[in-house]
Amino acid sequence: MAALWLIPAAMLLAALLHLPYGYYTLLRLVVCLTAAIVAFQSWPKNQAWAIAFGLVALLFNPLIIVALDRETWAPIDVGVAMMYLSHWWLVGRQAKSHE
């Protein structure tokens, strides 16, 4: 189930390249959906993670678009990718070992 964290993280890092607009629409869908899933699964055990991923889901919401320029999105994309990887490393891997 590592794909829940690794796919959006890879997509966020790929977003640093100059890609067609459709890619960024797909990115919003994937990040919003996976962030909402992680937030839901994290509540109430890991409230800080749940709130952080809930805010990510809102930021990447494909229905109410937050319009920012590329220079602003770049550090956000990297930061959110690192957040996914950190959560996978600290929480996701532990959950896998308890199954």
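Structural data are supplied above this passage.
Calculation criteria
Residues numbered from 1 in each chain as written. Predicted model: local features only at pLDDT ≥ 70, side-chain atom pairs only at ≥ 80, totals over all residues. Heavy atoms only, no water. Helix = DSSP H or I, 4+ residues; strand = E, 2+ residues; numbered from the N terminus. Rg over C-alpha atoms; globule rule 2.2 N^0.38 Å. Buried < 20%, exposed > 50% of the residue type's maximum accessible area, 1.4 Å probe, protein only. Contact = heavy atoms within 4.5 Å. Lys, Arg positive; Asp, Glu negative; His and termini not counted. Charge placed at Lys NZ, Arg CZ, Asp CG, Glu CD. Core = buried A, V, L, I, M, F, W, Y, C linked by side-chain atoms within 4.5 Å.

*Asks:* Please clarify how the overall build of the protein chain should be interpreted in this entry.
*Replies:* When you go through the protein chain residue by residue, the secondary structure sums to 4 helices and 0 strands. Along the protein chain, helices (α) and strands (β) appear in the sequence α-α-α-α when read from the amino end. Here the protein chain has a C-alpha radius of gyration of 13 Å; the compact-globule value for 99 residues is 13 Å, and the two agree. Oriented by its inertia axes, the alpha-carbon framework of the protein chain measures out at about 40 × 20 × 20 Å. Relative to its 99 residues, the protein chain shows a buried fraction of 33%. Taking as baseline every contact in the protein chain between residues at least 6 positions apart, the subset at least 24 positions apart corresponds to 65%. Of the charged side chains in the protein chain, 5 are positive and 4 negative, and the gap between their average positions amounts to 12 Å.

*Asks:* Even after reading the chapter, I still don't get the environment of Val31, so can you show me in this structure?
*Replies:* Here Val31 shows up in helix H2 (residues 21–42). The class for Val31 is buried, based on a relative accessible area of 0%. Counting along the chain gives 15 residues from Val31 to Asn46, while the straight-line C-alpha distance between them is 19 Å.

*Asks:* Could you clarify how one ought to interpret the nonpolar core in this entry?
*Replies:* Where a protein is soluble and globular, its nonpolar side chains tend to be buried together. Counting residues in hydrophobic clusters, the biggest one holds 24 residues, and the most contacted among them are Leu12, Leu27, Val31, Phe53, Val56, Phe60 and Tyr84. Among the elements of the structure, helix H1 (3–14), H2, helix H3 (47–59) and helix H4 (70–97) are those that each provide at least two residues to this core. Leaving out residues up to four positions away in the same chain, Phe60 has contacts with Leu12, Arg28, Val31, Cys32, Trp73, Ile76, Asp77 and Val80.

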